[in-house]
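Overview (structure and organization)
Letter by letter, the chains look like this.
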Amino acid sequence: DGVKVLSTWLSIFGLRVLIALKHKGVEYEYQEENLLSSKSQLLLESNPVHKKVPVLIHNGKPICESLLIVQYIDEAWPSSEKPPHLPNDPYDRAVARFWADYVDKKVFLSTSSPVQLVSRERRPRKISSKLCNLQALDGALHDVSKGSPYFGGEDIRLVDVALASFL
Amino acid sequence: METTGEMSEVPQTLKLLSAWPSMFCMRVLIALKLKRLDYEYQEEDLLNKSQFLLSSNPVHKKVPVLIHNDKPLCESLIIVQYIDEVWPSPPTRSPIVPADPYDRAIARFWADYVDNKFHEAAARLMRSPEGELQEQAKKDMLGCLAVFDELLRDLSLKGPFFGGQHIGLVDIALAPYLCWLHAFETIGAFKLLDEGRCPHLCKWANDVLENPCVKEALAIAPAYKVLEFTKVYRSMALGHE
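Residues numbered from 1 in each chain as written. Chains lettered and ligands numbered in written order. Predicted model: local features only at pLDDT ≥ 70, side-chain atom pairs only at ≥ 80, totals over all residues. Heavy atoms only, no water.

This brings us to the overall build of chain A. On a plain count of helices and strands, chain A comes out with six helices and four strands. Counting from the amino terminus, chain A carries its helices and strands in the arrangement β-α-β-α-β-β-α-α-α-α. Of the contacts made within chain A by residues no fewer than 6 positions apart, 60% connect residues no fewer than 24 positions apart. Of the accessible surface of chain A, which amounts to about 9,000 Å², a share of 56% is contributed by carbon and sulfur atoms. (Helix = DSSP H or I, 4+ residues; strand = E, 2+ residues; numbered from the N terminus. Contact = heavy atoms within 4.5 Å. Areas by Shrake-Rupley, 256 points an atom, 1.4 Å probe, with all protein chains shown as cover.)

Structure below.
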């Protein structure tokens with residue numbers, strides 16, 4: 001059951017994969033990629049479309065895109081000891097996917113361009129849009145978790161994994 | 001309403017908030033028809049969104065929204081996966097999302113690629129005036145189609161579709177763009193889907209359009225109507241009269 005992760009220490013997305021693997025207790029080999037110099041042949045062959053990390057290679061087969069990898073980890077190692085990253089109920093699952101997608105589109109995209117790069121005039125709008133996105137997430141956490149500490153209720157789930165790497 | 005297994009004992013209501021030009025809405029329509037589900041269709045005027053839409057999707061305020069027994073679902077690919085999970089396909093037909101975890105990850109990857117690469121480039125084509133930005137968008141769209149063509153070539157032994165013998169997630173993600181082909185080619189003054197460059201994708205387009213569920217779903221957006229719509233959209237986006 002060979003599991004290898006191609007990532008870099010800087011990668012927020014790579015961190016998601018590592019959190020998910022550790023949570024499931026899956027052993028893996030980690031390969032650090034140097035994205036500034038040259039990407040390894042393995043990375044270029046495993047992710048020819050985007051040439052990005054993270055990539056999970058399971059028994060020689062590559063899987064790309066961090067949220068897809070986390071869902072794959074759930075499905076490939078279903079274990080009764082640890083609850084899955086995604087809820088069992090289809091509706092709750094759809095809600096979890098929605099917020100994980102939101103984290104990628106709204107939180108990540110809005111935080112990836114630093115405020116300093118935006119002109120002074122546009123800064124208030126940019127800051128308030130980041131705040132709105134975070135407020136929406138905060139509201140969602142309140143509604144979805146019903147008082148529990150995580151999006152997944154009592155245990156760490158997909159959206160928690162998606163967000164945790166930002167901290 | 002035809003339902004499977006234990007679901008048939010509970011009354012089901014399905015309502016789709018949609019807008020006819022939207023390729024994302026068409027994806028959900030294809031899935032609903034493939035599963036032979038009864039649903040109520042509500043057309044939204046995107047310039048004057050209904051209160052119901054705004055309260056069902058307060059985060060993005062977008063269509064499609066599928067409301068199943070009063071619970072709203074948003075984001076087309078998430079909705080399609082939900083439909084597949086709640087109403088599993090009969091044994092004679094493969095599921096929309098593959099059963100094997102690896103194949104599933106691959107299908108989701110390519111469905112995301114349609115959104116993040118192809119749709120993104122198409123949106124740039126629609127919003128850009130003629131010039132460098134538009135040329136880059138055209139180039140990127142052609143690049144995506146070449147990638148899809150290669151993928152189909154590699155998958156050809158498994159069947160005519162991205163999903164193999166039956167229409168799957170990636171087929172559903174991409175098929176609605178066929179309604180927009182004429183509009184893209186007219187706005188960009190170029191041949192986007194070309195038999196010489198993308199023979200496998202051209203064959204796929206013919207095969208997928210022969211499927212009655214796809215044909216019915218895409219019938220809400222005939223090519224000439226989409227072109228008229230895009231002209232209006234472009235003049236608004238580019239600030240013309």
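Further remarks concern the interface of chain A and chain B. Of the residues lining the interface, 23 residues belong to chain A; the matching set on chain B comes to 24 residues. Our enumeration of links across chain A and chain B arrives at five salt bridges. Of the charged contacts, one joins Arg97(A) and Glu85(B) as a salt bridge, the two residues approaching to 3.2 Å between their closest N and O atoms. Breaking the side of chain A that touches chain B down by element, the ones donating at least two residues are β4 (61-64), α3 (66-76) and α4 (90-112) of chain A. (Salt bridge = Lys/Arg side-chain N within 4 Å of Asp/Glu carboxyl O.)

With that settled, the discussion passes to helix α10 (residues 223-237) of chain B. Residue and element names in this part refer to chain B. With 15 residues, α10 extends 20 Å from end C-alpha to end C-alpha; this agrees with the ideal 21 Å at 1.5 Å per step. Residues Val226, Leu227, Thr230, Arg234 and Ser235 constitute the buried set of α10. Viewed end-on, α10 has its buried residues packed into an arc of 170 degrees, placing them on one side of the element. Here the buried face of α10 lies against α4 (101-127), α5 (132-155) and α7 (177-188). Taken from the residues just after α10, Gly239 is the one with a positive phi, measuring 75 degrees. (Expected span 1.5 Å × (residues − 1). Buried < 20%, exposed > 50% of the residue type's maximum accessible area, 1.4 Å probe, protein only. Arc of directions from axis to C-beta.)

What follows is about the pairing of strand β4 (residues 71-74) of chain B. Residues and elements named next belong to chain B. Note: strand β3 (residues 65-68) against β4, four bridges, orientation antiparallel. Bridging across to β4, Leu66 finds its partner in Leu73. Hairpin connection between β3 and β4: a loop of two residues separates the two successive antiparallel strands, and Asn69 in this loop has a positive phi of roughly 50 degrees. (Pairing = 2+ DSSP bridges.)

Time to look at the pattern of salt bridges. Side-chain pairs of opposite charge can arise where the charged atoms are in close proximity. For the structure on display, the rule yields 19 salt bridges over all chains. For Arg93(A), the salt bridge identified is with Glu85(B), shortest N-O distance 2.9 Å. Residue Arg93(A) is located in helix α4, and its partner Glu85(B) is located in helix α3 (residues 76-86); the two belong to separate chains. Assessed through its relative accessible area of 17%, Arg93(A) is described here as buried. Owing to a relative accessible area of 26%, Glu85(B) belongs among the partly exposed residues under this scheme. Here the salt bridges do not stand alone but share partners, grouping Glu75(A), Arg104(B) and Arg108(B) into one network.

A separate point is the sheet that holds strand β2 (residues 40-43) of chain B. All names here are of chain B. The mixed open sheet is built from four strands, whose spatial order is β2-β1-β3-β4. Of all the strands in the sheet, just β2 and β4 have a single pairing partner and so form its edges. With strand direction ignored, the average angle separating the axes of adjacent strands in the sheet is 20 degrees. Packing of helix α1 (residues 23-34) onto the sheet brings it into contact with β1 (14-18), β2 and β3, and relative to β1 it is tilted by some 155 degrees. (Axes fitted to C-alpha atoms, helices over the stretch in contact; angles between N-to-C directions.)

What follows concerns the nonpolar core. With 96 residues, the main nonpolar core has Phe148(B), Phe162(B), Leu201(B) and Trp204(B) as its most contacted residues. Top contributing element to this core by residue count: α4(B), with 11 residues. Apart from the residues lying within four places of it in its own chain, the contact partners of Phe148(B) are Trp110(B), Tyr113(B), Val114(B), Phe118(B), Phe162(B), Leu174(B) and Leu201(B). Core analysis: the second largest hydrophobic core is formed by 16 residues, Val3(A), Leu18(A), Ala20(A) and Ile69(A) among them. (Core = buried A, V, L, I, M, F, W, Y, C linked by side-chain atoms within 4.5 Å.)

Here the focus is the UniProt feature "domain: GST C-terminal" (unreviewed entry) in chain B. Sites flagged by UniProt as "domain: GST C-terminal" (unreviewed entry) map to residues 100-229 of chain B. Split by type, residues 100-229 of chain B is 73% helix and 0% strand. Its first and last C-alpha atoms lie 40 Å apart. (UniProt positions renumbered as here; feature names shortened; annotations may be inferred.)

The next thing to look at is the packing of aromatic side chains. Within this structure, the stated rule accounts for 15 aromatic pairs over all chains. Look at Tyr72(A) and Tyr102(B): their rings are 6.5 Å apart centre to centre, the planes differ by 85 degrees, and that puts the pair in the edge-to-face class. A residue pair is termed interchain when its members come from two chains, as with Tyr72(A) in helix α3 and Tyr102(B) in helix α4. We note that Tyr72(A), like Tyr102(B), is buried. When the ring of Trp180(B) is compared with that of Phe184(B), the centres are 5.9 Å apart and the planes differ by 35 degrees; the resulting orientation is tilted. Residue Trp180(B) and its partner Phe184(B) are located together in helix α7, separated by four residues, close to a single helical turn. Side by side, Trp180(B) and Phe184(B) carry an identical accessibility label, which is buried. Grouped by ring-pair contacts, the aromatic residues Phe109(B), Trp110(B), Tyr113(B), Phe118(B), Phe148(B), Phe162(B), Tyr177(B) and Trp204(B) constitute a single cluster. The positively charged end of Lys138(B) is found above the aromatic ring belonging to Phe190(B), 5.3 Å away from the centroid. Its guanidinium or amino end placed over the ring of Trp20(B), Lys225(B) lies 4.4 Å from that ring's centre, counting from NZ or CZ. (Phe/Tyr/Trp six-rings, centres within 6.5 Å; stacked < 30°, edge-to-face > 60°. Lys NZ or Arg CZ within 6 Å of the ring centre and 35° of its normal.)

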